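# Structure at a glance
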Amino acid sequence: MQKWIIIAIAVAAIVIAAVAIILSTRKKKPADSQEEVLPEEAPAEETSEEAEEESVEATEEDETSEEAEEEEEIPEDELCVHCGVKRKTESSEYCEHCEKELRKTKIPVAGWIIGFAALLLSLFATVQVFLVSSIAIQSANGDEYAAKKCWYSAYYAYSETSSVKDELTSILGTEIPFVKIGCGLKAKQIEAIANAYSPLEAGNSIGSVFTADEDGYVQHNKKLQEYKKTLEVFQSSYNAISTAGGDMVYDGASVEEVEKAFLSVKGQEGVDDVFVYYMICNATEYLDGDNLELLAEKYAALDKTAKATGKNYNWLYYQDYATLYIKMNKPDEAIALMDEMLKNDKGSYTVYLTKLRACMLKGETDKAKALIDEFTEYNDTVDAKYVLDATFYRLSGEYDKVKEICTEAFETYDYIPELHRQLAITYLLQKDYDNAFEEAYAAEERAYYLYSMGDSSGYTDELINTVYICTSLAKKYGTGESENGGNIDSLLESYSQEEVSETAKNIVDGKITVEEIFTKGVCDLL
Amino acid sequence: MRILYIIGKLITFPGSFIRAFWEHLTCKILKLPVEEGRYIGFHDNCGHIDHSFATKGFAAYLMATGPGYMNMIIGWPLMLMGYINLKPIGITPYDSLPLFIVYIVSYYLGVSLLCAQFPLVEDSLVFWEMAYKEKKIPVVGRIFAFIPALVTKIGAYLESWSVPVIFWIIATVLLFVL
């Protein structure tokens, strides 16, 4: 983009220089317009004698009284500034004759053409600016959020430009070449995705945001290439690991065996060691998730490898690492990691939520509340604030406040599964099993709706396990007469034992109490 | 100063030319004698025309501000069309080379028009002196014309040093490059 701007400026400079040269050569000639307007008059460069001769000729045609006046000597300061022969009038710098003639000075044809062409162009520009202004405003909003490092809001604003453009096209009834979204804006959208989610997500989105015709821009843009390369390296690392021992994870191998197999691909071409260590962490969590010390060891190795590269891999594992620290009752370490993430993204709801949990674990209720205010300061997303509020009050044990917040939020944001989940846990803690089931059922429905719209973010492990617990306990202790009580059995049948966590099974089996999980330590099914 | 002024005018020659055209047209409408019909060149009046001063208040006001208003009305949409499409909407040569060129030209035209909004210092002073020194204009007129006349007077001084051109060059760099 900058290269093209420089080329355009260079071309403009050449044109300006050429025009300047042409104009400077024209300077020696008399002005065309003057020749046209005053054919009988002398050109500007004529000598005063010539001017005098011509003016004498002109006076021959005048009245005799004027001839007499001509013969008198006129003081220099009273002479017409144009002809320099006749006396100027009282109200002007010119004699009557010159003033009359100079009023007739013609506007050059080029002047008319260029002047009115500019007027028409400006009219067109006004219409064009009016048409694209809504897209530009959305983009400017995105820029504003990006400048504040609120990447999710920036991404949302940038992605809205496509909807605005589509709406505009449908209103106009046709696709107009002057109403389009440029590659520059699409690149900003990808950058927002990279910062709000991950470079992997950004690399993955390039194909859907850019069309095949715009491939030239993608090839040219260094950042986009970087995201694509990160995704490629991740995929090739994943493939190498899968080949080396992917099946071992599901075949009952131990963590050590899996780790050894995974580490064998280290240093291979197209394999990033950081991704190898990350996948070791994932495999360890899958195989021996309750062994927090072992998991912490693996994350420490990942952290060391990532930091040794000098590149930023925070987006890859900091969130999981912080959650592990919270589980290990090490909130300070979790807060430090989340603070590091907030330096790059001030608008991340999940980072604030993790930090809020860590603060609550430390017993710093005021700090946790202040976090919600900080989040609100950087974000216009009211729905996320409701979730943070509901989580905060549930963790504080203010259950009536949770109900109040959720009731208020449902008026506008009924579609958010997490709000229904928080309310379900609240009812569960109050031993209101029917309402706990109803809210869990609602959470499941909302998550399914989002999933059907292509957004699978609603189906978290926490949601699946909460719905399982609420449904199972409602079957055990509820009346079964609530609105959706008839669906309890069918909902439970839809669960496979593999997708339900041990903690959830233990709660249902009565080995752990609901209070132990939801009011102590992490206070959730993390 | 003269060199700086002429360089500024030549860099933004489309705007200077169009401004001179509006000035000429205004003279025609007000029946003011015009001595020099050459709009652009290496002369002190580059971007303006050599005309005699208006003797009536409204005519002097129109001569001082009219062509500038016209340039402003035409210049802003053109500049905005170029800027909005190149920066927030992000049109690049990869989207469409002709469109990209249209927007660059539009931005340049717009800026060049906005760089030629003010009259020559003498023209701005004619109205100023007539209105606020000789007080030849009714009080109501003087009140309403004060801000435009003041802006025009200051703008004319600044333009004689090519300040608007320098301002727009810096603004363009800040808007696009940074």
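The structure contained in this document is the topic of the report that follows. Worth saying up front: this structure is predicted, and the values here are computed from it rather than measured. (Residues numbered from 1 in each chain as written. Chains lettered and ligands numbered in written order. Predicted model: local features only at pLDDT ≥ 70, side-chain atom pairs only at ≥ 80, totals over all residues. Heavy atoms only, no water.)

## Focus: the overall build of chain A
- Tallying secondary structure elements over chain A gives 26 helices and 0 strands in all.
- Sorting the 526 residues of chain A into buried and exposed places 46% on the buried side.
- The long-range share in chain A, meaning contacts at least 24 apart out of those at least 6 apart in sequence, stands at 56%.
- About 27,700 Å² of surface is accessible on chain A, with carbon and sulfur atoms providing 51% of the total. (Helix = DSSP H or I, 4+ residues; strand = E, 2+ residues; numbered from the N terminus. Buried < 20%, exposed > 50% of the residue type's maximum accessible area, 1.4 Å probe, protein only. Contact = heavy atoms within 4.5 Å. Areas by Shrake-Rupley, 256 points an atom, 1.4 Å probe, with all protein chains shown as cover.)

## Remarks on the interface of chain A and chain B
- Contacts between the two partners involve 59 residues from chain A, matched on the other side by 53 residues from chain B.
- Around 4,700 Å² of area is buried between chain A and chain B when both sides are counted, 72% of it from carbon and sulfur atoms.
- Taken together, chain A and chain B are joined by 9 residue pairs in polar contact (both at pLDDT 80 or more).
- Of all the elements in the fold, those that place two or more residues in the side of chain A that touches chain B are helix H1 (2-26), helix H2 (32-37), helix H5 (96-102), helix H6 (109-147), helix H8 (183-196) and helix H10 (215-220) of chain A.
- Here the residues of the side of chain A that touches chain B are counted per class, giving 34 nonpolar, 17 polar and 8 charged. (Buried area = accessible area lost by both parts, 1.4 Å probe. Polar contact = N/O pair within 3.5 Å; in protein donor to acceptor, adjacent residues only side chain to side chain. Nonpolar A, V, L, I, M, F, W, Y, C, P; charged D, E, K, R; others polar.)

## Some thoughts on helix H17 (residues 349-362) of chain A
Residue and element names in this part refer to chain A.
- Its 14 residues give H17 an end-to-end C-alpha distance of 20 Å, which sits within 8% of 20 Å, the value for a rise of 1.5 Å per residue.
- When you tally the buried positions in H17, you get 10 out of 14 residues, the bulk of the element.
- What H17 keeps buried is the set Val 351, Tyr 352, Leu 353, Thr 354, Lys 355, Leu 356, Arg 357, Ala 358, Cys 359 and Met 360.
- Against helix H15 (314-327), helix H16 (331-344), helix H18 (365-378), helix H19 (382-396) and helix H21 (417-429) lie the buried residues of H17.
- Gly 363 sits one or two positions beyond H17 and adopts a positive phi of about 85°. (Expected span 1.5 Å × (residues − 1).)

## Focus on helix H14 (residues 292-309) of chain A
Residue and element names in this part refer to chain A.
- For H14, which comprises 18 residues, the first-to-last C-alpha distance of 26 Å matches the rise-based estimate of 26 Å (1.5 Å per residue) to within 8%.
- Regarding H14, the residues found buried are Leu 294, Leu 295, Ala 296, Lys 298, Tyr 299, Leu 302, Asp 303, Thr 305 and Ala 306.
- In the stretch just after H14, Gly 310 is the one whose phi turns positive, near 80°.

## Digging into the nonpolar core
- Within the largest apolar cluster, 106 residues are counted, with the highest numbers of intra-cluster contacts made by Phe 262, Tyr 317, Leu 356, Leu 419 and Leu 428 of chain A.
- In terms of residue count, the dominant contributor to this core is helix H13 (residues 273-288) of chain A (9 residues).
- If we skip the residues at most four places from it in the chain, Tyr 317 of chain A touches Tyr 278, Tyr 299, Leu 302, Asp 303 and Ala 306 of chain A.
- Among the nonpolar cores identified, the runner-up in size contains 78 residues, and Ile 135 of chain A together with Met 63, Tyr 83 and Leu 99 of chain B belong to it. (Core = buried A, V, L, I, M, F, W, Y, C linked by side-chain atoms within 4.5 Å.)

## A word on the environment of Asp 434 of chain A
Residues and elements named next belong to chain A.
- Following the sequence through the fold, Asp 434 ends up in helix H22 (residues 433-452).
- On the basis of relative accessible area, Asp 434 is assigned to the buried category, the value being 17%.
- As a C-alpha pair, Asp 434 and Lys 355 span 79 residues in sequence and 32 Å in three-dimensional space.
- If we skip the residues at most four places from it in the chain, Asp 434 touches Gly 478, Thr 479, Gly 480 and Ser 482.
- One polar contact links Asp 434 to Thr 479, side chain to side chain, over a distance of 2.4 Å.

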